[in-house]
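The primary structure of each chain is shown beneath.
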Amino acid sequence: MGNEKEGLSTAEVLRKTRTYGQVRCHNPSCMGRLQPERGANKVKCPVCGSEFRVAWVKDGFPRIRGPVWEVNQRLAEEALAKKMKEEKKDGPK
Amino acid sequence: MEPMGKVLAIYPEKCTGCRLCEQVCSVFHDGISNPARSRIKIMKWESEGLYIPMSCQQCQDAPCMIICPVKAITRDETLSRVMVNHTICIGCRSCVAVCPFGAMNFNVIDRKNFKCDLCDGDPQCVRFCEVKAVDYVDADRVSIAKKKAAAEKITAAQRQAIALESESH
Amino acid sequence: MALNRKIAYIDLSTGKIEIKPIPINVRKKFLGGRGLDAYLLYNHTKKGCDPLGPENTIMVSGGVLTATLASATARTHVMAKSPLGGLLGSANMGGFFAPELAWAGFHHLVIKGKAEKPVYLWIHNGKIEIRDARHLWGKTTTETQWAIREELGDEDIKSLVIGPAGENLVRFANVMTGIKNSGGRTGMGAVMGSKNLKAIAARGTMDIKIAHPKEALEYNKHFIEQITSAKVNQTQGTLGTPFIWGATNSWGGVRCRNFQYNQELYCDDIEPEAIDEVCAETMGPYHMAGCFGCQVHCRAKYKIPTGPYAGAYDEGPEYTSQGAFCGEPDCRSIETLLTGNHLVDQWGMDNLETGSIISWAMELYELGILTDKETDGLELRFSNDEALLEMVKRICFREGWLGNVLAEGGVIASEKIGKNSFDYLIQVKGVSNLHSDERATPALALNVATASRGSDHLRSRPAIDLYHLPEGVLRKIYSNPVPYEGLLSSEHTEYVGKPWQVFWQENCYMAVDCLGICKYHTVFLGATLPNFEDWPKVLYYNTGLEFTPRELWDVAERCNMIERLFNLREGLKREDLKKGDMLNHRYFDEPTRRGAPDVVGRVIDREKFKKMIDEFYEYKGLDKDGIPKPETLKRLGLESEPSHLV
């Protein structure tokens, strides 16, 4: 019976994988782990260059509040232009 | 003599109104989930978002103890609590009527009064309240947090006054 | 104990009330909550019944764990045939109603017929009374609840009520309890309204014996720690659900201007921290509230700081309100957000559907499909906050041509508006999509397309798919309790492995809904939250019921199949745009234009999407048309439905 089972459940095992103090880059295929400096209100992803405004849920617990609009919008527009160009070359994917 | 007597300290502003305290109280004492059996109860003003946990204050000069005609209620000084001896209690409910906090309850199922017994020193409401709207602390520490908050306000006001004064000069 | 809670059959036409126990074999097959409701719906309605007619049946229930010492057993479930999509109607809400109903002696209510005049039900310690509600008709959701308390003289009464929208048969009117807890989707409020049922009031002091109280207490402590230590729930407990909207908008997963964009730019004023500040200002630093027994406390309390409703108290706004009153209509004002949220709460209408349908109308107006003639001169453009709030009122009270038409829901409205208006309606099975944009996330697209109650994120969304978790972690989660050896991909833009994830989540969410606990306590937003392996313990300690994780999975699969059977009976066809497992063409044809670098330029690939559906059907044991194979029904013990066990 399930309730007699010894040991930890998957959820309990995975609890160890939690990374307090870090946030993930909001660029979904990047998802790099970012560790903003304590109290900082911005963070830049060293991998993909996205920039984010940072808020603090509590001390030592950062959260991405939103993008730095100018920066990330520019990145988006560049990526879109590049994709459109490729698409013209290869036809739609 | 060793100081003793932790008390249940209640911080209503922190209460989220979830009533888990009521539930764990009734399960711990009676093995039953039923808020009607809980020694602690959240009073709510829902249209204002105001929630206030109410429980026994374990009064020093407890009115329930004084009024009890058969002396079924006594103070247990080891845990600084007021206890009911149900073998003596006659179920007259005088204690229920006299308690200024409404913290003495009457259970209509078992026809018995009941009140907070601090779970023999490990209050379950405190143990389960994640926001610490109820806490179990030494009696003389209850006022410390408030002292500090008030002091902070005063110093802030002082600092502001000083700043204003230097500005005007 | 929890298992002796009863089921009540109430016929409002005749006034007849029957109270019966719930047999243990029924519990073993369908547990309770949504699962048992689905069984009851299939058994107690006839094919093709009018959703707003007396022959429709509305179920109200708690889960099998409701009011026991499992964490947050607060959920109330409501089910009926939906007046919005004509298929399964189902809504689930937090608050305090279901536990009170359980203490009053009941887990399930089955309400049929139609009362001659407005009535409400008064359920008190095993007794049910039908009472006059003529004096409550017209009252808002909170006015109704407070009036019932006053009338019956008990402050502890919890009620499930409808507001003016439900009375006016707005097809997406909701059912509400407390300040803001809403059974929002699929128009359950209109079903109540059509039965002249204004409210269900409950109050009880009946014991629920815990099977193993010591163990239940200790395990609950452990369970709560697992739940509240998750980062996602700590954020939730500080900022409420707006943080989800904020995070999703940040990478470009939020529907904006109906479906023109996938991100709302420069919306700092309505980001969670901005809302949090207003809540803190108006309610103080500790401004979070919790549903029954829940330590996540994700509900913010606020007072509207400015505008015509300044000073009004409310709770939320949840992320659906941000979508409804900000992203979709492209508005950015916190006053609009808080006011809009307040209006739908008070009037009892689904915020999601309301915002979505108005945004659709805004796009139609800008395209010239709707003109000043239909809007009675209202300039229904995007970013027009005033027009947005005005339209909420017109829909609720069916004012003007357009208000009355939109109150019928998107599909009927599109037929009345005509032209190609339907092409712009972002819906599945007649139910509007969440404020999210799934063009960059095939797994989520599959979820909205196949959700049983119509487009929905709470039926099967593998939200953790966005976290790019290592494949090993995904495998740990998704190959339990049923082994899965197929592909899994950490890549959110992928199509492989996703059908299994959606299938797994569908069963996970069904299990949660049968148990009666909240989805923030399972694998929805956090990968490390409890699931199948953890629940048998909670179930055993609290009720004494012995289930293996696999057996719970089987119950969930069975209950999902009953929902499918209902939908098929009522006309579900795989590729039908109005009644099928199909997405609006814009998902396939219009590439995303905003968001993170790898989110821009995305569409859902039609062929791959079809293959995902095929694979998903295979896991469910359906044929290519989405109809269950005979062996599937046999395996799930559903070969002789309707079986009328209860």
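Enquirer: Can you walk me through the interface of chain A and chain C in this structure?
Expert: Accessible area lost when the parts come together is the quantity often used to give the size of an interface. Counting residues at the interface gives 35 residues for chain A and 47 residues for chain C. Considering each element in turn, the side of chain A that touches chain C owes the most residues, eight residues, to helix H2 (residues 69-90) of chain A.

Enquirer: Quick question: what am I supposed to make of the interface of chain B and chain C here?
Expert: Taken together, the 23 residues of chain B in the interface contact 32 residues of chain C. Put simply, the parts of the chain that give the side of chain B that touches chain C at least two residues each are helix H1 (20-30) and strand E2 (32-33) of chain B. Counting residues per element, the side of chain B that touches chain C draws most heavily on H1 of chain B, which supplies five residues. When the residues that make up the side of chain B that touches chain C are grouped by side-chain class, the tally is nine nonpolar, eight polar and six charged.

Enquirer: What's the story with the sheet that holds strand E15 (residues 299-303) of chain C in this structure? I'm lost.
Expert: Sheets are built from strands that pair by backbone hydrogen bonding, the pairs being arranged parallel or antiparallel. All names here are of chain C. One open sheet holds the three strands; their spatial order is E14-E15-E16, and the pairing between them is antiparallel. Since the sheet does not close on itself, it has two edges, and those belong to strand E14 (288-289) and strand E16 (313-315), each with one partner. In this sheet, E15 lies alongside E14 in antiparallel orientation, the contact comprising two bridges. Of the residues in E15, the one forming a bridge with alanine 289 is arginine 299.

Enquirer: How should I be thinking about the confidence of the model for chain C in this particular structure?
Expert: Do not read the fine detail of predicted coordinates wherever pLDDT is low. Counting all residues, the mean pLDDT for chain C is 97, and 100% of those residues have values of 70 or more. In the model output, the complex is listed with pTM 0.95 alongside ipTM 0.95.

Enquirer: Sorry, what's going on with the environment of tyrosine 495 of chain C here?
Expert: Residues and elements named next belong to chain C. Residue position: tyrosine 495 is located in the loop between helix H19 (471-478) and helix H20 (498-515). Of the residues examined, tyrosine 495 has 21 C-beta atoms within 10 Å and is grouped as buried. With 71 residues separating them in the primary sequence, tyrosine 495 and tyrosine 424 have C-alpha atoms 25 Å apart. Apart from residues lying up to four places away in sequence, tyrosine 495 is in contact with Pro442, Lys608 and Met612.

Enquirer: Even after reading the chapter, I still don't get the pairing of strand E6 (residues 81-84) of chain B, so can you show me in this structure?
Expert: Looking along a regular strand, one sees the side chains alternate between the two faces of the sheet. Residues and elements named next belong to chain B. Here strand E5 (residues 73-76) pairs with E6 via four bridges, running antiparallel. Residue isoleucine 73 lies in a different strand from E6, and its bridge partner there is valine 84. The hairpin turn running from E5 into E6, its antiparallel successor, is four residues long, and serine 80 in that turn takes a positive phi close to 50°.

Enquirer: Would you explain H1 of chain B in this entry?
Expert: Of all eleven residues that make up H1 of chain B, nine are buried, and the element is covered over most of its length. Here H1 of chain B has its buried residues at Leu20, Cys21, Glu22, Gln23, Val24, Cys25, Ser26, Val27 and Phe28 of chain B. Looking at the buried positions of H1 of chain B, the neighbouring elements they touch are E2, strand E3 (41-45), strand E4 (50-54), helix H4 (124-128) and strand E9 (134-138) of chain B together with helix H7 (213-228) of chain C. Looking at the residues trailing H1 of chain B, positive phi occurs at glycine 31 of chain B, about 70°.

Scoring rules and cut-offs
- Residues numbered from 1 in each chain as written.
- Chains lettered and ligands numbered in written order.
- Predicted model: local features only at pLDDT ≥ 70, side-chain atom pairs only at ≥ 80, totals over all residues.
- Contact = placed C-beta atoms within 7 Å.
- Helix = DSSP H or I, 4+ residues; strand = E, 2+ residues; numbered from the N terminus.
- Nonpolar A, V, L, I, M, F, W, Y, C, P; charged D, E, K, R; others polar.
- Pairing = 2+ DSSP bridges.
- pLDDT = per-residue confidence, 0-100.
- Buried ≥ 20, exposed ≤ 12 C-beta atoms within 10 Å, placed from the backbone.

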